[in-house]
Amino acid sequence: MIALTGSGLCLLMALLFYRETDLGRAWHEQAVERPARRLAAMERHHLLFAVALAVLFAAGGEIVLLMGPEFMAAYALDLAIYADALLISYAAAVATRLRGVVSALRYARPAAMRRRSARARRARIAAVRRGRRPANDDDGPAPGKRPGLTLAA
């Protein structure tokens, strides 16, 4: 901690007394101008996060010890949401790929292996039924008798 304080003091002295030298300009660029640009680019949620982090650092770890389970639960929830999103995206990719493979296989089969539609099957069955000839014993009614008026003996 003392080394950090001493380094900061040396940096401050170099910025105050040697501003016109190359080293002073480089220190001024790195220690003043760059942080000022970054602070100007910060938005409200960045500042809120910085304040929350400053409170955690100022507490010296006691808050982390007291709030440890809550932090771990929030991290686990965040990780679970990420894993769910990852699995859903994988499932969507697999379904898309599978749909493409199925359609490619459907059109790659020979015509003899393709299933006929119900309408084509009905038309084929009706054509076969119309073209049948009667069997040998289906000659029709006996001569001289009208159909439907036969008497049972």
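Residues numbered from 1 in each chain as written. Predicted model: local features only at pLDDT ≥ 70, side-chain atom pairs only at ≥ 80, totals over all residues. Heavy atoms only, no water.

A. Quick look at the overall build of the protein chain. For the protein chain, the count of helices and strands is six helices and zero strands. Burial analysis of the protein chain (153 residues in total) assigns 3% to the buried set. Surface summary for the protein chain: the accessible area is close to 14,400 Å², and the carbon and sulfur share equals 66%. (Helix = DSSP H or I, 4+ residues; strand = E, 2+ residues; numbered from the N terminus. Buried < 20%, exposed > 50% of the residue type's maximum accessible area, 1.4 Å probe, protein only. Areas by Shrake-Rupley, 256 points an atom, 1.4 Å probe, with all protein chains shown as cover.)

B. Spatial organisation of the pattern of salt bridges. All chains considered together, the criterion is met by two salt bridges. One salt bridge connects arginine 25 with aspartate 22, and the closest N-O pair in it is separated by 2.6 Å. With a gap of three residues between them, arginine 25 and aspartate 22 both fall in helix α2 (residues 22–41), about one helical turn apart. Given a relative accessible area of 43%, arginine 25 falls into the partly exposed group. Assessed through its relative accessible area of 60%, aspartate 22 is described here as exposed. One salt bridge connects arginine 37 with glutamate 29, and the closest N-O pair in it is separated by 3.0 Å. When its relative accessible area of 49% is taken as the criterion, arginine 37 is described as partly exposed. In this structure glutamate 29 comes out as partly exposed when scored by relative accessible area, which is 27%. (Salt bridge = Lys/Arg side-chain N within 4 Å of Asp/Glu carboxyl O.)

C. Representation of a nonpolar patch on the surface within the structure. A cluster of nonpolar side chains, contributed by Leu9, Leu12, Met13, Leu16, Phe17 and Tyr18, occupies part of the molecular surface with about 680 Å² of accessible area. Mapping tyrosine 18 onto the fold places it in the loop between α1 (2–17) and α2. Given the relative accessible area of 53%, tyrosine 18 is considered exposed. (Patch = residues over 30% accessible without salt bridge, like charges linked within 9 Å, V, L, I, M, F, W, Y side chains within 5 Å.)

D. Local environment of the confidence of the model for the protein chain. Per-residue pLDDT for the protein chain has a mean of 76; in total, 68% of the residues score no lower than 70. Ranking the elements of the protein chain by mean pLDDT puts helix α6 (residues 118–130) last, at 63, and α2 first, at 86. (pLDDT = per-residue confidence, 0-100.)

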